[in-house]
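Listed here are the chains, written in short residue letters.
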Amino acid sequence: MLEHVAVAVLGIDEDDRVCFWGPGAQRLFGCESAAALSKPAAALFPDPPRGAPDAAMRLAERGRTLGYWRGRLPALHRDGTVFDCGFRAFPVIGAEGRSVVLCLASRADDLDRVKTKLAFLDSLFETCPIGLVMLDEELRYVHLNQALADMDGLPIEDHIGRHMEEFMITSDGGEYQRMLRAVAEEGRPAVSKLVVLRAAGHPDRDQVRSVSFFPLSQAGDTRAGVGGLLVDVTDREQAIVEATAGRQRLALLDRAAARIGTTLDVNVTARELVEAAVPDFSDASVVEVVEWLDEAEVFNPELPLFTRRIASRTTLPPPAIELVSGLESVTYPPGSAIHQMLRTGRPVSVAVNDDFMTRTVIHQDRAQLLLDSGLTCILIAPLIARGTVQGLTMFGRSAARPEFTEQDLSLASELASRAALCLDNARLYSRVQDIALTLQRALLPTALAASPYVNVAHRYLPGSRITEVGGDWYDVINLSGDRVALVVGDVMGHGVPAAAAMGRLRITTKALARRNPEPDDLLTELDACAQEAGIELATCLYILYDPTTGRARIANAGHPPPMVRHPDGTVETIGDVLGVPLGVGGLPFRTTEIELSEGDTLVLYTDGLIEARGRDIEEGMEALRIQLRGTSGPLETTVDRILSSLLLDAPTDDTVIVLAQVRPSPPSGRHRG
């Protein structure tokens, strides 16, 4: 009141004269104390109508006789203006025991304005449907209305003197409290801010509030604080909340679609699923594949289920890390939550409690790890694709997150469906890879032909499982007259078709070689066979070595050129006989002849040895030449050294290398030829 209404204090003695004149009276009436003191109090009022009592006398008389009187009288300002003035009059004992009427006076319009405000505020706090609050500088409740108490679910008296943060649970990382402190400490209003919280009296449901806070100015000796208006807009904002959650789910699905299935590798696909789920959807996740005894086996809810955990991730501290990653083989007894989920084929959400432990977790130590991990609920979803149960995935949440909802189960089902299809594709691809690799290995020679005039070391390395099996092949064929044929080839393409085409070319080459044609004629016939078989593109290098002459005849159908390493360490590339690949047709092949000395080593290889990402063929060939110049010792050791030097990472393509060290036959042998 004193902050907003000017109050004048004056005293009237028993003779109705002014005996006390405060500073407020000077401002209200415009008179200095010297001009007012000892003067008749009637001078403070306009002249009364004829016959009417004097206003000053009436004021003093009512103060003395009633003990306390309040009312309004017209008052006179020194400048001659008359204004409506409110008075409070009561007697006090002055010096020497004389009675004095003490008067408190204020302009009536100021009093009316403040009284109206107070009435409005009282009515506002009593009847306003929105929450109103006054907080002190420490953000403790000073005053609040019933509407806010109802929002919080606790009585008004339980709030007073306690901090505001005690009555709400937010998951915004403290942003709400920082906003309040900025209002209290920096005086920055916060207007119409939306906050999602759970009130202390309603911990089971989310509320959306629109809040506005502003600094309270100090009045008199009161402390500054914060005022606030809070509106429960949960119903109005529910659509926004649901739309936001829907957008988050869609965004997660979009990210998962981009992440999951980038390769045809089962383990990589499983890791991509858990990485997509943690931490956006859950605090922990695992993927397990079912260990069926045979492919035709179907799920039997009466039998234990055996799985193999192939991926896991968590953001929770130990022991959650050990819980998700410390186990590879898992057994679930009949009646477990896993069996429940697979029986229906739909995701289930289960609480981590004694019932779950008893039915699902076999080992006591694993059960204790689960209890200590901080996980409070687990969502289990089946990995089913093309009618086949691939496995299962689990998503776990701690108490810091809300429990899984029906929408979360739908999202998990979608994630699991996408992952299951990718896993099934990877599984089928792996099976085709195994078939192709098995076929290729069956068609390649298990042991190369031996000759006293050619010492051979060879290696075949299949490409990594990221890429399909290729069509690389090689052979060493003993022919009449101690001659030896060295062959290496590569069918363009991958998988079973490439492996089958490779086998046909290798067997055909072996049959053609025993008819003793010239190398160029052999490639011509092999080219015709390739065209008849529908093999569109394949390379082949054919070398016929005659130890009686020490010469080798070479024909090449589009294959990387052979090299010759001489005993002195020099390396020669035979690149002048390159022809078109097999299957093209229409162009002749040529034969070139070179002379080999004792200790010379023929080097045959496929492009997997010299070609790699970030390195072209010419760089690869030069790297091979460098390795050949610097090698010595047994051929087996040389082959391994070359492979370890040139193939630093797992090969992405099939790789073949054949080293054939020659020596001519003795003169008598030549005479016999």
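Each chain has its residues counted from 1, following the order in which its sequence is written. It should be noted that, the model being predicted, local features are given only for residues of pLDDT at least 70 and side-chain atom pairs only at 80 or more, the latter also being counted only at that level, while totals for whole chains, interfaces and linings use all residues. Each side-chain value is derived from all of the structure's non-hydrogen atoms; neither hydrogens nor water enter the calculation.

Enquirer: Explain a negative patch on the surface residue by residue, including any values.
Expert: Side chains of E611, D616, E618 and E619 sit close together on the surface and give a patch of like negative charge. Only protein chains enter the accessibility calculation, which uses a 1.4 Å probe; a residue is then buried when its area is under 20% of its type maximum, exposed when over 50%, and partly exposed in between. For E618, a relative accessible area of 53% puts it in the exposed group. The patches described consist of residues with a relative accessible area above 30% and no salt bridge, like charges being joined within 9 Å and nonpolar side chains (Val, Leu, Ile, Met, Phe, Trp, Tyr) within 5 Å. In these tables, accessible area is a Shrake-Rupley quantity obtained with a 1.4 Å probe, and a residue counts as shielded only by the protein chains included in the view. By salt bridge we mean one thing: a side-chain nitrogen of Lys or Arg within 4 Å of a carboxyl oxygen of Asp or Glu. We count Lys and Arg on the positive side and Asp and Glu on the negative side, and we leave His and both chain ends out. Charge placement uses NZ in Lys and CZ in Arg. For Asp and Glu, CG and CD serve respectively.

Enquirer: Give a detailed account of the pairing of strand β19 (residues 471-478), specifying residues and quantitative values.
Expert: Comment: elements are numbered from the N terminus, with helices defined as DSSP H or I runs of at least four residues and strands as E runs of at least two. The element β19 is extensively covered by neighbouring structure, given that seven of its eight residues are classed as buried. Where β19 lies against strand β20 (residues 484-491), eight bridges are found, and the strand directions are antiparallel. Its bridge partner lying in β20, D472 is registered against D490. Adjacent in sequence and paired antiparallel, β19 and β20 are bridged by five residues, among which G481 carries a positive phi angle near 70 degrees. Any two strands are treated as partners once DSSP identifies two or more bridges connecting them.

Enquirer: Hey, could you go over the pattern of salt bridges for me, with residue numbers and the actual values?
Expert: All told, the structure shown has 27 salt bridges when counted by the stated rule. With a closest N to O distance of 2.7 Å, D206 and R198 form a salt bridge. Classification of D206 as partly exposed rests on a relative accessible area of 41%. The residue R553 makes a salt bridge to E593 at a minimum N-O spacing of 2.8 Å. A residue pair is termed long-range when its members are at least 10 positions apart, and R553 in strand β22 (residues 551-557) and E593 in strand β26 (residues 592-595) qualify at 40 residues.

Enquirer: Let's hear about the sheet that holds strand β13 (residues 305-314): which residues, and what values?
Expert: For sheets, the rule is that strands pair by backbone hydrogen bonds, running either parallel or antiparallel. Pairing is antiparallel in the open sheet, where six strands are placed in the order β14-β13-β12-β17-β16-β15. The open sheet has two edge strands, β14 (329-332) and β15 (348-351), and neither has a second partner. The average angle at which neighbouring strand axes cross in this sheet is 30 degrees, direction not considered. In this description, contact between two residues means that some pair of their heavy atoms is separated by no more than 4.5 Å. An axis is simply a line fitted to the C-alpha atoms; with a helix, the fit covers only the stretch in contact. Between two such axes, the angle follows the N-to-C directions and lies from 0 to 180 degrees. Helix α11 (residues 337-344) contacts β13, β14, β15, β16 (375-385) and β17 (388-398) of the sheet and is inclined by roughly 40 degrees relative to β16.

Enquirer: Can you tell me about the sheet that holds strand β2 (residues 18-21), naming the residues and giving the values?
Expert: The antiparallel open sheet is built from five strands, whose spatial order is β2-β1-β5-β4-β3. With partners counted over all chains shown, the strands left at the sheet margins are β2 and β3 (69-76), one partner each. On average, each strand axis in the sheet is tilted by 30 degrees relative to the strand beside it, whichever way the strands run. Relative to β2, strand β1 (residues 8-12) runs antiparallel, the two sharing three bridges. Within the sheet, the bridge partner assigned to L10 lies in β2 and is W21.

Enquirer: I'd like a rundown of the state of the cysteines, residues and numbers included.
Expert: Our working definition of a disulfide is a cysteine sulfur pair at a distance within 2.5 Å. Enumeration according to the criterion identifies zero disulfides in this entry. With no disulfide of its own, C540 has C529 as its nearest cysteine by sulfur position, at a separation of 12 Å. On the basis of relative accessibility, which here comes to 0%, the residue C540 falls in the buried class.

Enquirer: Could you give me a rundown of the nonpolar core, with the residues and numbers involved?
Expert: Nonpolar side chains in soluble globular proteins tend to end up buried together. Core analysis: the biggest nonpolar cluster contains 31 residues, and F281, V287, L379, L383, F395, F404 and L415 have the highest contact counts within it. Counting only elements with at least two residues in this core, the list comes to α8 (234-259), α9 (266-277), β12 (284-290), β13, β16 and α14 (406-443). By residue number, the principal contributor to this core is α14, which donates nine residues. Apart from residues lying up to four places away in sequence, F281 is in contact with L252, L379, F395, R397, R401, F404, D408, L411 and A412. We call a set of buried Ala, Val, Leu, Ile, Met, Phe, Trp, Tyr and Cys residues a nonpolar core when their side-chain atoms join them within 4.5 Å. Counting residues in hydrophobic clusters, the runner-up holds 28 residues, among them L323, I338, V352 and L375.

Enquirer: Can you explain the packing of helix α18 (residues 617-629) against helix α19 (residues 635-646)? Please cite residues and give values.
Expert: Any two packed helices are characterised by the angle at which their axes cross and by the distance between the axes. α19 packs onto α18 with a crossing angle of 140 degrees between their chain directions and a minimal axis gap of 10 Å. Crossing of α18 over α19 shows right-handed handedness. Between α18 and α19, the residues in contact are A623, L624, Q627 and L628 and R641, I642, S645 and L646, respectively. By the convention adopted, Pro, Cys, Tyr, Trp, Phe, Met, Ile, Leu, Val and Ala count as nonpolar, Lys, Arg, Asp and Glu as charged, and the other residues, Gly among them, as polar. Partitioning the contact of α18 with α19 into residue classes produces five nonpolar, two polar and one charged. Here a crossing is called left-handed whenever its near helix is offset anticlockwise from the far helix by less than a right angle, and right-handed whenever the offset is clockwise.

Enquirer: Please give an account of the environment of V350 that cites residues and values.
Expert: Looking at where V350 falls in the secondary structure, it is placed in strand β15. We classify V350 as buried; its relative accessible area is 11%. On a C-alpha basis, the gap between V350 and I378 in space is 5.4 Å, while along the polypeptide they are 28 residues apart. Dropping the residues within four chain positions of it, V350 is found in contact with A337, F356, C377, I378 and I380.

Enquirer: Outline the side chain of H339, listing residues and values.
Expert: For H339, the location among the structural elements is in helix α11. Judged by its relative accessible area of 0%, H339 is buried. Every residue in contact with H339, bar those within four places of it in the chain, is listed here: F299, N300, P301, L303, P304, L305, Y332, P333 and P334.

Enquirer: So what about the packing of helix α15 (residues 495-513) against helix α16 (residues 519-532)? Which residues, and what values?
Expert: Their axes nearest at 10 Å, the elements α15 and α16 cross at an angle of 145 degrees. In this structure, the crossing between α15 and α16 has a hand that is right-handed. Across the interface between the two elements, L505, T508, T509, L512 and A513 from α15 touch L522, E525, L526, C529 and A530 from α16. Taken together, the residues of the contact of α15 with α16 sort by class into seven nonpolar, two polar and one charged.

Enquirer: Give me the packing of aromatic side chains: which residues, what numbers.
Expert: The rule is short: rings of Phe, Tyr and Trp, with Trp giving its six-membered ring, pair when the centres are within 6.5 Å, and they are stacked under 30 degrees, edge-to-face over 60, tilted in between. By the definition in use, this model includes eight aromatic pairs. Taking the centre distance of 6.4 Å and the plane angle of 70 degrees together, the rings of Y176 and F213 count as edge-to-face. Residue Y176 is located in helix α7 (residues 175-186), and its partner F213 is located in strand β10 (residues 207-216); the two are separated by 37 residues in the primary sequence. Like Y176, the residue F213 is buried in the burial classification. An angle of 85 degrees between the planes, with centres 5.3 Å apart, marks the rings of F281 and F395 as edge-to-face. Of this pair, F281 sits in the loop between α9 and β12 while F395 is found in strand β17, placing the two residues 114 residues apart along the sequence.

Enquirer: With reference to specific residues and values, describe α18.
Expert: To estimate the expected span of a helix, subtract one from its residue number and multiply by 1.5 Å. Taking 1.5 Å of rise per residue, the 13 residues of α18 would be expected to cover 18 Å, and the 18 Å separating its terminal C-alpha atoms lies within 8% of that figure. By the burial criterion, the buried members of α18 are G620, M621, A623, L624, R625 and L628. Turning to α18, the residues buried within the fold contact β23 (563-565), β24 (571-573), β27 (601-605), α17 (607-610) and α19. In protein, a polar contact means a hydrogen-donor-capable atom and an acceptor-capable atom, both N or O and within 3.5 Å, with residues adjacent in sequence counting only if both atoms are side-chain atoms; elsewhere, any N or O pair within 3.5 Å suffices. Its side-chain oxygen at 3.3 Å from the backbone nitrogen of E618, D616 defines the N-terminal cap of α18.

Read these as layout, nothing more, since geometry by itself doesn't imply function.
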